[in-house]
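The chain contents come next:
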Number of protein chains: 2
Amino acid sequence: MKILVLGGDGYLGWPTALHLSGAGHQVAVADNFARRSYDFEMGVDSLVPIESLQTRVRVWHDLTGQAIGYYVGDLTDADFTYHIVRDFAPDAVVHYAEQRAAPYSMVDRKHAVYTQVNNVVGNLNLLYAIAEINPEIHLVKLGTMGEYGTPNIDIEEGWLEIEHKGRTDRVLYPKRPGSFYHLSKVHDSHNIEFACRIWGIRSTDLNQGVVYGQQTAETARDDRLATRFDYDAVFGTVLNRFVIQAVLGRPLTVYGNGTQTRGLIELRDTVRCIQLACENPADRGEFRVFNQITELMSLQEMADTIAGACPDEVTICHVENPRVELENHHYNVVHSGLVELGLEPRLLSDTLIESLFEITKRYAHRARPEAMIPTIEWRKPSSVISN
Amino acid sequence: MKILVLGGDGYLGWPTALHLSGAGHQVAVADNFARRSYDFEMGVDSLVPIESLQTRVRVWHDLTGQAIGYYVGDLTDADFTYHIVRDFAPDAVVHYAEQRAAPYSMVDRKHAVYTQVNNVVGNLNLLYAIAEINPEIHLVKLGTMGEYGTPNIDIEEGWLEIEHKGRTDRVLYPKRPGSFYHLSKVHDSHNIEFACRIWGIRSTDLNQGVVYGQQTAETARDDRLATRFDYDAVFGTVLNRFVIQAVLGRPLTVYGNGTQTRGLIELRDTVRCIQLACENPADRGEFRVFNQITELMSLQEMADTIAGACPDEVTICHVENPRVELENHHYNVVHSGLVELGLEPRLLSDTLIESLFEITKRYAHRARPEAMIPTIEWRKPSSVISN
């Protein structure tokens, strides 16, 4: 298949491109390097050093003989979006190319507006490009489990069979997300479902949980193929951040009482899920939703697990929760769709954690520890972005 | 009370400003005249001639001694939005200032993106201005019944008590809107609910039905206070358009089989609803939703009612439905919230229709009939905006 990976220079986009290329697909990536620019704004850098996209692509070609094409540009530029869809003529488009951090969207008005405009407009342009150029193209869109919030009922996969006053319907699962970033993905999901309805587009919306891990079979082949690994309070996902704090001998900072439960998924399962979604396309007109997680854990359980696996002494501290979120809540999530397509979930284990410790130790000297302290407060309309 | 009416130069905004001023409130309006500009793009004009905002305000002052302040600017310009909220220091902000036509949003990619960016960013800027300047301000936001779509269960007022797998929750009513415009309002509603949750803003989201009518007690005092009356296929609301077609001796164009049912409300009830919402503010942190309609009718029933009331012969024709919408559907809507606050609904009657015939006849010579023929097709990603 020909697969276009948007945001293909990012934490997940790059390993996904490699994995799809390694699996025999013809792959191209597109990126505007927004993610690298956010680092300049925050004065941080990926813990694991990463090469330029051009070097990455060259090294992969040298190692495997496989070419990965690349386009440099921005999806909010419709000319660019139409160009890449026309030029590469993909069978599937994997869309990671959005601002992806909840705290970044909550810095202040400008960051909230940037996040929603960037994400919603890029996605709208992509929907129109597909509808106008080739509505057979399968859109594989990255959503987030955070779209659902923490309802007091079980979380289904995107749709909900409902009974009300003696009548029934199948409705889009009601969403109550927890940041302007998460809201942008809810907006996207609504726009995509509508595009499926009016134009007969085929789409898969992947509501992904918190991703952890740093290596895949493909990125591990050469240091120059490494993907980024963020440890800062803005872009560092919680489990990765705990690992880095443990290695640096700093307390693991649990927000609030730590009973907040989240869905998790390991990086190698993420890239496998994308492959399964691409190879098993949605039907024309179908808005298909999968919950892309493999297990559920509370923040406290994640911290305890890291602490237990670490050979050194680890302390866990609770800091005031900068977010507005329920800490004690029901959380039961259906996530069988991807398993039915063939996913064999990896669960968080000592082996997985140890491999993360190894990588982290190797690059621990690159960390700027103050960047791990949260500065962005949900209750305030304006915060500083970093220490 | 001090009430700021955003979009105060528009079809509903202007009569609302007058009504609130007439009721003794201190009123200012803000507008960027986008609505007047769309007319240039389409080559049409309000059937009823309207004065400039400056003249309108002056005439109202001459007649009543009441001053209505005005600000000219765009809510997507955050400096403007913060300025007006700071300068006027309102108790309530009535927010009409959005692109409000479903067909306009469905012209092509540019119009879809414009609609969503204009509406979502303007509303985000307003939420931040309220949060930063004075979170006591009550936001009265115009939504649309079209946010709900046509679910197979009864439509409640914004929230839904739900039972699923033996557990219960109160969730945001699941939405499945029918255009990129309607989607923009769904995005707004989600953003507002979140702002209430994190910043304790007070808000009322008014999911309004199809408005008909042209006069209020206040606008009827002088021709120069008239509000606009749109008859074109893009901005003309369906019942108003039927009246104009009847007066012009042209067939009433029902889209599809006409069994699509919609909620209706008369202009004078709209302005009364806004007054009731302002005078009975939501609580701090409350996302309050009312369905702002007074009755339900199918398109066919509307056409039959107009035909029955018209002294001349009227033909009704069915044209291919340019929209993608269910034609045979359940539609039962709870709309008791505003009645509980004191609304006494006007129902569509011969008297109401006759007054509309009168106005329409007076200005029938101004109509460009070909502008009533729909050109914008939902199934195509790109259409021409007018004949």
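The following refers to the structure shown. (Residues numbered from 1 in each chain as written. Chains lettered and ligands numbered in written order. Predicted model: local features only at pLDDT ≥ 70, side-chain atom pairs only at ≥ 80, totals over all residues.)

Now for the overall build of chain A. The helix and strand inventory of chain A stands at twelve helices and 14 strands. Taking 21 Å as the expected radius of gyration for a compact globule of 387 residues, we find that chain A reaches 20 Å, a close match to that expectation. Expressed along its principal axes, the backbone C-alpha trace of chain A runs to roughly 65 × 55 × 40 Å. By residue count, 56% of the 387 residues in chain A fall in the buried class. Within chain A, contacts between residues separated by at least 24 positions form 83% of all contacts whose residues are at least 6 apart in sequence. (Helix = DSSP H or I, 4+ residues; strand = E, 2+ residues; numbered from the N terminus. Rg over C-alpha atoms; globule rule 2.2 N^0.38 Å. Buried ≥ 20, exposed ≤ 12 C-beta atoms within 10 Å, placed from the backbone. Contact = placed C-beta atoms within 7 Å.)

Turning our attention to the relation of the copies chain B and chain A. Overlaying chain B on chain A yields an RMSD of 0.0 Å, the required transformation being a rotation through 180 degrees with an accompanying axial translation of 0.0 Å. Taken together, the rotation and translation describe the operation of a two-fold axis. No C-alpha of chain B lies nearer the rotation axis than that of Pro 174 of chain B, which sits 2.4 Å from it. Mapped onto chain A, 100% of the interface residues of chain B are again interface residues, and the two copies thus contact each other with one and the same surface. (Least-squares fit on C-alpha atoms with pLDDT ≥ 70 in both.)

Let's shift gears to the sheet that holds strand E5 (residues 138-144) of chain A. Residues and elements named next belong to chain A. Spatial strand order, E3-E2-E1-E4-E5-E8-E12: seven strands in an open sheet with parallel pairing. With one partner strand each, in any of the chains shown, strand E3 (68-72) and strand E12 (287-292) form the two edges of the open sheet. Across the sheet, the mean angle from the axis of one strand to that of its neighbour is 20 degrees, orientation sign disregarded. Pairing between strand E1 (residues 2-6) and strand E4 (residues 92-95): four bridges, direction parallel. Its bridge partner lying in E4, Val 5 is registered against Val 94. (Pairing = 2+ DSSP bridges. Axes fitted to C-alpha atoms, helices over the stretch in contact; angles between N-to-C directions.)

Before going further, it helps to spend a moment on the packing of helix H8 (residues 238-247) of chain B against helix H12 (residues 350-363) of chain B. Residue and element names in this part refer to chain B. One can describe the packing of H8 onto H12 by two numbers: an axis separation of 9 Å at closest approach and a directional angle of 60 degrees. The angle between H8 and H12 places the two elements in the oblique class. Classified by chirality, the crossing of H12 by H8 is right-handed. Judged by residue contacts, Val 243, Ile 244 and Val 247 of H8 engage Ile 353, Leu 356, Phe 357, Thr 360 and Lys 361 from H12. Along the lines of polarity and charge, the residues of the contact of H8 with H12 split into six nonpolar, one polar and one charged. (Parallel < 35°, antiparallel > 145°, perpendicular 65-115°, else oblique. Left-handed = near helix turned anticlockwise from the far one by under 90°. Nonpolar A, V, L, I, M, F, W, Y, C, P; charged D, E, K, R; others polar.)

A word on H12 of chain B. The α-helix advances 3.6 residues per turn, and as a result positions three or four apart in sequence lie on the same side. Between its terminal C-alpha atoms H12 of chain B stretches 20 Å, which fits the 20 Å expected from 14 residues at 1.5 Å a residue. Residues of H12 of chain B that are buried include every one of Ile 353, Leu 356, Phe 357, Ile 359 and Thr 360 of chain B, and no others. (Expected span 1.5 Å × (residues − 1).)

As a further point, take the interface of chain B and chain A. In this assembly, 44 residues from chain B lie in contact with 45 residues from chain A. Elements with a contribution of two residues or more to the side of chain B that touches chain A: helix H6 (109-133), strand E6 (159-164), strand E7 (167-172) and helix H7 (180-199) of chain B. Ranked by residues supplied to the side of chain B that touches chain A, first place goes to H6 of chain B with twelve residues. The residue makeup of the side of chain B that touches chain A, split by class, is 24 nonpolar, ten polar and ten charged.

This part covers the sheet that holds strand E13 (residues 295-298) of chain B. All names here are of chain B. The three strands lie next to each other as E9-E11-E13, forming an open sheet whose pairing is mixed. Each edge of the open sheet is held by one strand with a lone partner, namely strand E9 (210-212) and E13. Taken over all neighbouring pairs, the strand axes of this sheet differ in orientation by 45 degrees on average, direction set aside. Here three bridges tie E9 to strand E11 (residues 261-266), and the two strands are oriented parallel to one another. Paired with Tyr 212 across the strands is Glu 266, a residue of E11. Strand contacts of helix H9 (residues 267-279): E9 and E11, with the helix running at about 75 degrees to E11, the strand carrying the most contacts.

When you tally the buried positions in E1 of chain A, you get four out of five residues, the bulk of the element. Between the parallel elements E1 of chain A and strand E2 (residues 26-31) of chain A, the chain passes through helix H1 (residues 13-22) of chain A in a crossover that is right-handed. (Right-handed = clockwise from strand over helix to strand, strands pointing away.)

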